[in-house]
Amino acid sequence: MTSAQDIQTLGSVPDSLRSPSSSWGAALPSRSPPLPLKPFNTQDIKILLLENVNQTGQDMLNGQGYHVEALKTSLTEDELIEKIRDVHVIGIRSRTKLTARVLHAAKNLLVVGCFCIGTNQVDLDYAASHGIAVFNSPFANTRSVAELVIAEIIALARQLGDRSNEMHRGTWNKVGSQCWEVRGKTLGIVGYGHIGSQLSVLAEAIGLDVIYYDVVALMALGTSRQVPTLDDLLQEADFVTLHVPDLPETRGMVSTAQFARMKQGSYLINASRGSVVDIPALIAAMRSGRVAGAALDVFPNEPAGNGDFFNSSLNAWGDELRELRNLILTPHIGGNTEEAQRAIGIEGALPSLS
Ligand SMILES: NC(=O)c1ccc[n+]([C@@H]2O[C@H](COP(=O)([O-])OP(=O)(O)OC[C@H]3O[C@@H](n4cnc5c(N)ncnc54)[C@H](O)[C@@H]3O)[C@@H](O)[C@H]2O)c1
């Protein structure tokens, strides 16, 4: 505790030996005043928002007085080239492709706001070489995906999808055989990034033991443990869940050889990218009983809009997949919650405001 005497003693310390009062900045020699930013009238800044960007983000930009045009859909390359000519800021989601040809036509473009997670729909090399800043929202929907996976782990262990489908068809099928609690089981997380690590924390809270595999050595959260290889994870985990990006090395990373290494009666969840799992190999592993259940939120080919498109015309194995039991199929909704969409709207709009 500091006494009155200490304060008096401190008072006699020469200035040169004192710590700066608030931050190191206070001790630095004074700098020349910052250059004033070039003032601009917000009404002169044209912002084009495509693909029905969340209303919260639109409201923020309108509230600041920017000239905002918001469209509900994406545009074709030729339509974009026409529309983007005099725009200063463009806000897109994942369907709008900002190719070098489109960006070349944008003579005033300063900022691209990707109101989504990925940026692979933008020619980043072209943008960087022409001084166009590109922003995204890398973890706005992390929590939503992690919560969905928790729901799926329990739903698969209890065969909830099948029981619910049976009841919808009028069938009462009260069974407990091959239905499990998740407490004390092992969850294997492949890719311990934003989603994988968030999931790790949630999973431990419901009594799962967590192991993970990642190409990078990462700090383990809670009592989770990193394992050296994917094979180690597959051999030990009761539930395997995939959270890696779509890269050449992750395409088909779970195929026949990997299913053969998984425990008999284990479960697979993929809410990362459709390219990561070899679906015909999954169908075989489920038919043989090696995999007792699976949840898929993402697919190699996904339709551009909602409708009756999930069939063998979209993916050759579509009909075979739909016949499997204890298989939860969802239309890429991992990150689709009100909270995530609002967060993406705000995070996408903020860089444009500054
Ligand atoms: N289903 C959905 O709606 C939805 C929503 C958001 C994100 N996603 C997808 O989820 C995935 C993970 O997202 P994130 O935000 O956690 O990404 P992230 O970049 O934070 O984490 C990815 C992790 O995977 C690791 N990794 C990369 N290559 C690997 C490999 N070959 N083997 C093992 N680990 C590897 C990386 O080191 C990193 O730690 C992405 O594919 C993303 O597109 C899906």
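The rules behind the values
- The numbers attached to residues start from 1 for each chain and follow its sequence in the written order.
- Totals for whole chains, interfaces and linings use every residue, but because this is a predicted model, local features are given only for residues with pLDDT of at least 70 and side-chain atom pairs only at 80 or more, for both listing and counting.
- Going along the chain from the N terminus, every DSSP run of H or I of four or more residues is numbered as a helix, and every run of E of two or more is numbered as a strand.
- Burial is judged by counting the other C-beta atoms within 10 Å of a residue's own C-beta: 20 or more makes it buried, 12 or fewer makes it exposed, and any count in between marks it as partly exposed, with every C-beta position built from the backbone.
- Residues are defined as contacting one another if the C-beta atoms placed from their backbone atoms lie within 7 Å.
- Two strands make a pair as long as DSSP finds a minimum of two bridges between them.
- By convention, a crossover is right-handed whenever its connection, traced from the first strand over the helix to the second and viewed with the strands pointing away, goes clockwise.
- The arc refers to the directions leading from the helix axis to the C-beta atoms.
- Only the contacting stretch of a helix is used when fitting its axis, a line to C-alpha atoms as for every element, and angles between N-to-C directions run 0 to 180 degrees.
- Using the backbone to place each C-beta atom, any residue with that atom within 6 Å of a molecule or strand is considered near it.
- Gly falls in the polar group here, along with every residue not listed as nonpolar (Ala, Val, Leu, Ile, Met, Phe, Trp, Tyr, Cys, Pro) or charged (Asp, Glu, Lys, Arg).
- By definition, a nonpolar core groups buried Ala, Val, Leu, Ile, Met, Phe, Trp, Tyr and Cys residues that connect through C-beta atoms lying within 7 Å of each other.
- By the definition adopted for this analysis, an angle is roughly parallel if under 35 degrees, roughly antiparallel if over 145, roughly perpendicular if from 65 to 115, and oblique otherwise.
- Here is the rule for handedness: rotate from the far helix to the near one, and if that takes an anticlockwise turn smaller than a right angle the crossing is left-handed, while a clockwise turn gives right-handed.
- pLDDT gives the predictor's per-residue confidence on a scale running from 0 to 100.

Helices and strands together make up the secondary structure of the protein chain, namely 14 helices and 12 strands. Evaluated residue by residue, the protein chain yields a buried proportion of 34% over its 354 residues. Across the protein chain, contacts joining residues at least 24 apart in sequence account for 61% of those joining residues at least 6 apart.

Moving on: the pairing of strand β2 (residues 67-70). The pairing of strand β1 (residues 46-49) with β2 spans 4 bridges and is parallel. Counted as the bridge partner of Leu49 is Ala70 from β2. Running through helix α3 (residues 55-63), the crossover from β1 to the neighbouring parallel element β2 is right-handed.

Take helix α12 (residues 279-288) next. Within α12 the residues assigned to the buried category are Ile279, Leu282, Ala285 and Met286. One face of α12 carries all of its buried residues, which in axial projection span an arc of 115 degrees. In α12, those exposed residues whose orientation departs by more than 90 degrees from the buried face are Arg287 and Ser288. Positive phi appears at Gly289, one or two residues downstream of α12, with a value of about 90 degrees.

Next up on the list: the sheet that holds strand β8 (residues 225-226). Read across the sheet, 7 strands follow the order β8-β7-β6-β9-β10-β11-β12 without closing on themselves; strand pairing throughout is parallel. A single partner strand is all that each edge strand has here, and the edge strands are β8 and β12 (327-329). Relative to strand β7 (residues 209-213), helix α9 (residues 194-205) is tilted by about 165 degrees, and along the sheet it contacts β6 (186-190), β7 and β9 (239-242).

The strand order β2-β1-β3-β4-β5 describes an open sheet built from 5 strands, whose pairing is parallel. Single-partner strands in this sheet number two, and they are β2 and β5 (133-135). Across the sheet, the mean angle from the axis of one strand to that of its neighbour is 15 degrees, orientation sign disregarded. The sheet contacts of α3 involve β1 and β2, and relative to β2 the element is tilted by about 155 degrees.

Non-glycine residue Asn52 carries a positive phi angle of around 55 degrees. Residue placement: Asn52 occurs in the loop between β1 and α3. Note on Asn52: 15 C-beta atoms within 10 Å, which makes it partly exposed. Not every positive phi belongs to a glycine, and Gln159 is a case in point at roughly 55 degrees. You can see Gln159 is positioned in the loop between α7 (142-157) and α8 (160-168).

All right, on to the site of the ligand then. Surveying the vicinity of the ligand reveals 30 residues, the closest of which are Gly191, Gly193, Ile195, Gly334 and Gly335. Mapped by element, the contributors of at least two residues to the shell around the ligand are α7 and α9. Broken down by element, the shell around the ligand gets its largest block of residues, 3 residues, from α9. The residue makeup of the shell around the ligand, split by class, is 13 nonpolar, 12 polar and 5 charged.

This next bit is on the nonpolar core. In this structure, Ile269, Val291 and Ala294 are the most contacted members of the largest nonpolar core, which totals 49 residues. With 7 residues, the single largest contributor to this core is α7. Those residues in contact with Ala294 that sit more than four places away from it in its chain are Tyr267, Leu268, Ile269, Leu282, Met286 and Leu327. Counting residues in hydrophobic clusters, the runner-up holds 34 residues, among them Leu48, Tyr66, Cys114 and Ile344.

Here we take up the packing of α7 against α9. With their axes 9 Å apart at the nearest point, α7 and α9 run at an angle of 50 degrees to one another. Put simply, α7 runs oblique to α9. Along this stretch, α7 crosses α9, giving a crossing that reads as right-handed. For the pair formed by α7 and α9, the contact residues are Thr142, Arg143, Val145, Ala146, Val149 and Ile150 on the first element and His194, Ile195, Gln198, Leu199, Leu202 and Ala203 on the second.

Time to look at the confidence of the model for the protein chain. Here the protein chain averages 89 in pLDDT, and 88% of its residues register 70 or above. Here residues 1-13 is modelled with pLDDT under 50, and outside its nearest four sequence neighbours on either side it reaches 2 contacts, counting other chains as well. Confidence over residues 16-28 falls short of pLDDT 50; this stretch has 4 contacts with residues more than four positions distant or in other chains.

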